[in-house]
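One letter stands for each residue in the lines below.
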Amino acid sequence: MRDVAVLAGVSRQTVSRVLNEHPQIKESTRRRVMDAIAELQYTPNFAARALGTKRSRTIGVLASDSRNYGPSTSIAALEAAARAAGHWVSTAYVDSEDLGSVSAGIAHLRGQAVDGIVVVAPHVRVLEALDELRVDVPVVTLLAGGRGDRSPAVDQVEGARIATRHLVELGHTRIAHLAGPSDWLESSSREHGLDLELAAHGLEPVAVVRGDWSARSGYDAGEALLAHDTTAVFAANDQMALGLMRFVRERGGEVPGSLSLVGFDDIPDAEFFWPPLTTVRQDFDELARRAVAALIERPDGVGGGEGADGADRADAAANRPMLVPELIVRASTARH
C-alpha cells in the first residue's frame, strides 16, 4: 500500500479510502490510485485489512435446496452482484429439515468473518430457526416473498395473480392449481395469489394438487388435476408444468387444445417445451443486486457505511418496492 501511495502521489490513507470505496474521493484521485495498483499489480490482503477495519468484504450465503432453479439461479446471481460491488461470497449449504444443520451453517459463515448473510433457503423452518438463533450480523432473505425487514423480494402473490388473470381473460372458469410444497414460502404465496385473483372474478379453484417442484410430481398430479372438467392449470413452477404436459398427451389430449397451462419462473428451457410454455418471469439478477446493496449500504453491514448518509442509502436499498414478475405469453394457453 505504501508503494501504491508513493507512485500515485497520495497518502496511504487515501489509498485505503479508494479501496474501501469512500464516497468523498475525487474521481481523478481514484483513477490515479487504481492506475498505480494496476502498474504495481497490488493485491489487497483482505485478512489483514479485516483485522484493522473489522470488515472482511465477504458476504455469507446460507442456502438449501440449491438443486432447484430459483435457489441455484439466485446463488449465481449473488456471486456476480457481490463481485461487481468488490466483495466475495462464502456459501454454506444446509439441510432445511435440521435445526442443527442450520446452526452449523451459520457458525461456519461466522467463522469466515462474513460481514452479513443472505439467506437463500425459502423454507418456513429455516426462517424460524434464524429467528431462534438470533444471528449477530446483518441478514437479508432471498426468495422469501418479503418479510417486512430489509430483504428484497419478488411479489410472488402478484405474479400468481397475473398468471391466473391471463387464464380468466381467455375465458377459463374451471382452473386448477398445481402447487408447490406447503413449507415453501413461494408456494404458499403463489397459491394465495391464485385464490385472490379467482375470488376477484367470483371463482375458486376446481382443484389444488401439491407437487415437489419436479417434472415427475407434475406428471403424477395429472389425474387428480383433470378429474374436474378442468380447462386450465396454473402450475407453481415450469418443471411441474412440463410433467403435466406429458400426462395430458399420454391421455390423448393436447396443450392448449384440451388444457391451457401456465408455469412460473421462465426457466431457460421453457421456450423450447412443446408447445412453448406461457410462464411468469422473475428477475433474479436484480433481486441479487438489491440483496447485496441492502447489506453493503447499511451502517452496520458489509460496506461499513457511516453516519446518516450510510443509513439513508441503506433505507433506500431496503425500501424499494417489490419486484413485479412479468407474464411471458407463448403457445401453451388459448381461448376457451
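Read on for a plain summary of the structure. What you are looking at is a predicted structure, and each value in this text was computed from that prediction instead of being measured.

Calculation rules
- Residues numbered from 1 in each chain as written.
- Predicted model: local features only at pLDDT ≥ 70, side-chain atom pairs only at ≥ 80, totals over all residues.
- Heavy atoms only, no water.
- Phe/Tyr/Trp six-rings, centres within 6.5 Å; stacked < 30°, edge-to-face > 60°.
- Helix = DSSP H or I, 4+ residues; strand = E, 2+ residues; numbered from the N terminus.
- Buried < 20%, exposed > 50% of the residue type's maximum accessible area, 1.4 Å probe, protein only.
- Lys NZ or Arg CZ within 6 Å of the ring centre and 35° of its normal.
- Pairing = 2+ DSSP bridges.
- Axes fitted to C-alpha atoms, helices over the stretch in contact; angles between N-to-C directions.
- Contact = heavy atoms within 4.5 Å.
- Core = buried A, V, L, I, M, F, W, Y, C linked by side-chain atoms within 4.5 Å.
- Expected span 1.5 Å × (residues − 1).
- Salt bridge = Lys/Arg side-chain N within 4 Å of Asp/Glu carboxyl O.
- Polar contact = N/O pair within 3.5 Å; in protein donor to acceptor, adjacent residues only side chain to side chain.

Right, let's get into the packing of aromatic side chains. If you walk through the whole model with that rule in mind, you get four aromatic pairs. With 5.8 Å between their ring centres and 80 degrees between their planes, Tyr 69 and Phe 284 make a pair best called edge-to-face. Taken as a pair, Tyr 69 in helix H5 (residues 69-84) and Phe 284 in helix H13 (residues 284-296) lie far apart in primary sequence, 215 residues in all. Residue class for Phe 284 comes out buried when judged on its relative accessible area of 5%. Ring centres of Trp 184 and Trp 213 lie 5.5 Å apart, and the angle between their planes is 75 degrees; this geometry places the pair in the edge-to-face category. With a gap of 29 residues between them, Trp 184 in the loop between strand S5 (175-179) and helix H9 (185-200) and Trp 213 in the loop between strand S6 (207-210) and helix H10 (215-220) connect regions that are remote in the sequence. One exposure class covers both Trp 184 and Trp 213, and it is buried. Over the aromatic face of Tyr 219 sits the side chain of Arg 246, whose NZ or CZ is 5.6 Å from the ring centroid.

Spatial ordering of the open sheet is given by S6-S5-S7-S8, a layout of four strands whose pairing is parallel. Both outer strands of the open sheet, S6 and strand S8 (260-262), are each paired with one neighbouring strand and no more. Going across the sheet, the axis of each strand differs from the next one's by a mean of 20 degrees, ignoring polarity. Bridge analysis of strand S7 (residues 232-235) against S8 gives three bridges, and the strand direction is parallel. Bridge pairing in S8 places Phe 234 opposite Val 262. Contacting S5, S6 and S7, H9 runs over the sheet at an angle of about 170 degrees to S5. Most of the contacts of helix H12 (residues 238-250) go to S5, to which it runs at about 125 degrees, and overall it touches S5, S7 and S8.

Attention now moves to the nonpolar core. In this structure, Leu 178, Leu 225, Val 233, Leu 244, Leu 261 and Leu 277 are the most contacted members of the largest nonpolar core, which totals 24 residues. In terms of residue count, the dominant contributor to this core is H12 (five residues). Those residues in contact with Leu 244, other than ones at most four positions away along the chain, are Leu 178, Gly 218, Tyr 219, Gly 222, Leu 225, Val 233, Leu 259 and Leu 261. Ile 59, Ala 63, Val 89 and Leu 287 belong to the second largest nonpolar core, which has 23 residues in total.

Another aspect to go through is the side chain of Ser 101. Within the secondary structure, Ser 101 sits in helix H6 (residues 99-111). A relative accessible area of 17% places Ser 101 in the buried class. The contacts of Ser 101, once residues within four sequence positions are left out, are Val 94 and Asp 95.

Here H9 contains 16 residues, and its C-alpha end-to-end distance of 23 Å stays within 8% of the 22 Å for a straight helix at 1.5 Å per residue. Of the positions making up H9, those classed as buried are Leu 185, Glu 186, Ser 187, Ser 189, Arg 190, Glu 191, Gly 193, Leu 194, Glu 197 and Leu 198. Contact partners of the buried residues in H9: helix H7 (124-133), helix H8 (156-169), S5, S6 and S7. Backbone geometry just downstream of H9 places Gly 202 in the positive-phi region, at approximately 70 degrees.

On to the pattern of salt bridges. Counted under the stated rule, the structure contains 19 salt bridges. Here Glu 191 makes a salt bridge to Arg 210, at a shortest N to O gap of 2.6 Å. Here Glu 191, found in helix H9, pairs with Arg 210, found in strand S6; they are 19 residues apart in sequence, far enough to count as distant. According to the relative accessible area criterion, Arg 210 is partly exposed, its value standing at 41%. In this structure, Asp 266 and Arg 330 form a salt bridge, with 3.0 Å as the shortest nitrogen-oxygen distance. Of the two residues, Asp 266 sits in the loop between S8 and strand S9 (279-281) while Arg 330 sits in the segment after strand S10 (326-328), which places them 64 residues apart along the sequence. Overall, the relative accessible area of 10% leaves Asp 266 in the buried class. One salt-bridge network, held together by shared partners, links Glu 158, Arg 161, Arg 165 and Glu 197.

Glancing now at the sheet that holds strand S3 (residues 116-120). The strand order S2-S1-S3-S4 describes an open sheet built from four strands, whose pairing is parallel. The sheet terminates laterally at strand S2 (88-93) and strand S4 (139-141), the two strands that pair on one side only. Along the sheet, successive strands turn relative to each other by an average axial angle of 25 degrees, direction set aside. Note that strand S1 (residues 58-63) and S2 share six bridges and pair parallel. Note on S2: the bridge partner recorded for Val 61 is Thr 91.

Let us now look at the environment of Val 324. Structurally, the position occupied by Val 324 is in the loop between helix H14 (307-318) and S10. Distance in space between the C-alpha atoms of Val 324 and Val 154 is 6.0 Å, their sequence separation being 170 residues. Excluding its chain neighbours within four sequence positions, the residues that come into contact with Val 324 are Glu 158 and Ile 162.

A polar contact of 3.0 Å, which involves the side chain of Asp 266, links it to the side chain of Arg 330. Residues contacting Asp 266, with those up to four places away along its chain left out, are Tyr 69, Asp 238, Thr 279, Val 280, Arg 281, Ile 328 and Arg 330.

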